[in-house]
2 protein chains.
Amino acid sequence: MSNGRSVRLWAPTARARYGAGYGKTAALRVNGASRAAKAGAIGLLLRSVGTDASRLPHTGAMRYQEGVPRIPAVALSTVDADLLHRKLGKGETVRVRMNLSCKSLPDAESANVVGEIPGREKPDEIVLLGAHLDSWDLGTGAVDDAAGCAHVIEAARLIGARPTKPRRTLRVVLYANEEFGLRGGRQYVIEHANELQKHVAAFESDSGSGRVWGLQWNAGPGAERLFRGLVASLAVTPLEEKKGGDGGADISTLKASGIPLIGLRCDASRYFDVHHTAGDVLEEVKDPELRTGVAATAALAWALADAAEPLARIPEEEREEKARKR
Amino acid sequence: MSNGRSVRLWAPTARARYGAGYGKTAALRVNGASRAAKAGAIGLLLRSVGTDASRLPHTGAMRYQEGVPRIPAVALSTVDADLLHRKLGKGETVRVRMNLSCKSLPDAESANVVGEIPGREKPDEIVLLGAHLDSWDLGTGAVDDAAGCAHVIEAARLIGARPTKPRRTLRVVLYANEEFGLRGGRQYVIEHANELQKHVAAFESDSGSGRVWGLQWNAGPGAERLFRGLVASLAVTPLEEKKGGDGGADISTLKASGIPLIGLRCDASRYFDVHHTAGDVLEEVKDPELRTGVAATAALAWALADAAEPLARIPEEEREEKARKR
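None of the values given here were measured: they were computed from a predicted structure.

Q: Explanation requested: helix H5 (residues 183-191) of chain A in the structure shown.
A: Note that an α-helix has 3.6 residues per turn; residues three or four places apart therefore point the same way. Residue and element names in this part refer to chain A. Buried within H5 we find Gly184, Gly185 and Tyr188. Seen along its axis, H5 keeps its buried residues to an arc of 100°; they face one direction. Looking at the packing, one finds that the buried side of H5 touches strand E4 (122-132), strand E5 (168-175) and strand E6 (199-205).

Q: Help me understand the domain arrangement of chain A, please; the structure alone is not making it clear to me.
A: One frequent convention defines the size of an interface as the accessible area lost when the parts assemble. All names here are of chain A. When its domains are assigned, chain A resolves into domain 1 (22-89) and domain 2 (113-315). Computed over C-alpha atoms only, the centres of domain 1 and domain 2 are separated by 32 Å. Taken together, the contact between domain 1 and domain 2 spans ten residues of the former and ten residues of the latter. When the two sides are added together, the surface that domain 1 and domain 2 hide from each other amounts to roughly 880 Å², 58% of it contributed by carbon and sulfur. For the domain 1 face of the interface with domain 2, the top three residues by lost area are Tyr22, Thr51 and Thr59, together amounting to 42%. For the pair domain 1 and domain 2, the number of links is zero salt bridges. One can count six residue pairs in polar contact (both at pLDDT 80 or more) joining domain 1 with domain 2. Among the residues making up the side of domain 1 that touches domain 2, the classes are represented as four nonpolar, five polar and one charged.

Q: Honestly, the sheet that holds strand E3 (residues 113-117) of chain A in this entry has me stumped. Any pointers?
A: By definition, the strands of a sheet pair up through backbone hydrogen bonds, in either a parallel or an antiparallel sense. All names here are of chain A. The strand order across the open sheet built from seven strands is E3-E5-E4-E6-E9-E7-E8, with neighbouring strands paired in mixed fashion. The open sheet terminates on both sides in strands that have one partner only, identified here as E3 and strand E8 (240-243). Ignoring which end each strand starts from, the neighbouring axes of this sheet average 20° apart. Judged from the four bridges that link them, E6 and strand E9 (residues 261-266) form a sheet pairing that is parallel. Bridging across to E9, Ser205 finds its partner in Leu264. Taken strand by strand, helix H4 (residues 142-160) contacts E3, E4, E5, E6 and E9, and its axis lies near 150° from that of E4.

Rules behind the numbers
Residues numbered from 1 in each chain as written. Chains lettered and ligands numbered in written order. Predicted model: local features only at pLDDT ≥ 70, side-chain atom pairs only at ≥ 80, totals over all residues. Heavy atoms only, no water. Buried < 20%, exposed > 50% of the residue type's maximum accessible area, 1.4 Å probe, protein only. Helix = DSSP H or I, 4+ residues; strand = E, 2+ residues; numbered from the N terminus. Arc of directions from axis to C-beta. Contact = heavy atoms within 4.5 Å. Domains from an automatic or database assignment. Buried area = accessible area lost by both parts, 1.4 Å probe. Salt bridge = Lys/Arg side-chain N within 4 Å of Asp/Glu carboxyl O. Polar contact = N/O pair within 3.5 Å; in protein donor to acceptor, adjacent residues only side chain to side chain. Nonpolar A, V, L, I, M, F, W, Y, C, P; charged D, E, K, R; others polar. Pairing = 2+ DSSP bridges. Axes fitted to C-alpha atoms, helices over the stretch in contact; angles between N-to-C directions.

Listed below in structure tokens is the structure:
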């Protein structure tokens, strides 16, 4: 019988499609072990911070605080955690055996994958289209973030197949190691330091494979004209635009250079049902939904790369990178 | 992107609600290892015979044939099997490491759980209400068959709470070990041999927790009157009745004695999505759906136990027990 507890953190509303609340709840996973250890715990059982009522646990990065005992920590599926709660609620004695085989291995070399369509007039000016190649380990990462890779690769292919190329260069960057500390994004900034002033915009798709519903952008004065015009012209879906944020985890590393940042927003109502679980597999990706993201990415990429004037850069005083926790 | 393969064995049609086809497809699992070994295989990877597109494998009983090498056998989830098929279809070399920790342990003592509401006029005449207490090991067995136990226990409770009891005795039997060879059902026949002629009917609920849609029954001439009248009088759901079969696995052992057998049929469209997987948990059971099964069970139990005349027994020539494979 359905128990009384709600197993969804968010109803499928506007907040859900945005994936709102994940950063806040993920902090329980990221910091939980050290917080518990400080209180004397010998282990942490975390109720998965995902949104699905299934047997698949939701996992992700966690950190041990210096000077605090490193206790074992596991995420239980919401269903298993609820069963545990019911038993404890009835006063039953519960014995748990934790048997973990996970471990951190030494760093290994990896690489961002970069491809370009040179601009026809200003090839030294760059519009970056980003997504990340790596994924959390339990699934195959179809939603997080193979979907984003598909968006940017297919958008570039569509544009590359046109007889006329856009004025500026389109650079597709498939970032390595987003999940484990934004290492690809940080390295890109180091290796392309001398080009950053020539990056006129950076775009990222890292919100899954659902139907696209909006663009979040951050740029200097006057930029809203481009996004409002784009939204009005696109027929694929009711597209919304909103100023703010840092576009996405990988390209957030470009904020300090003032590069205009744009993030694709896909319907995330189901995103945290499968994100970072064994359920993040190809079967979750629906072709018609994925195509809406491709269409929006291609239209945006063309508009940015072929515009007469580039967007104004993010003003100096707004360039601080928001601390990201994953 | 969704692959071209259908991942559902049955569409949600009349056949699906009946769970049609399971016996046939389960034979692949039951006999697959020995069939493969005869052909020289060193191991068997079986695409789960369940109906869900998930990462949870569907499992169940299997048998090794005498004189054939006992090769390891595993069920892959449909999603994992499809991934393997896609890789093999592209000509990729696939290496699989089989790491099994399952084993058969020696038999241990268990027991059927039996309770009665003595009849007010003919306490020696028995209407049996059955379901099974055990479950396959990956889930908690909420659907298979805690739901059936709930149906018969709650129906008996409702009848027991009435000021007037039915003419005959209602006997609730929660069978032990249905899954591993009908041991509870077979032992019941042995231990109650001297009472079998006094069993006027046996009922079983073992088709899950979904909305009830029918009764399948098997009895002698004239029995259809009771079932047609019952179906016409029940308002809980469009109930159908059909003659045939053996009521259910546990009570099929009573067929040789000619005891009229009745099986509750609940909507099984989703049954094989979770049956014998880690997903067979309490969250799958929807209270309003479960109540339809209780209502039908209670009405049927009363009708059988309070009827002026018992149903005609299954004719001698129709009493052979169908060979059951699980």
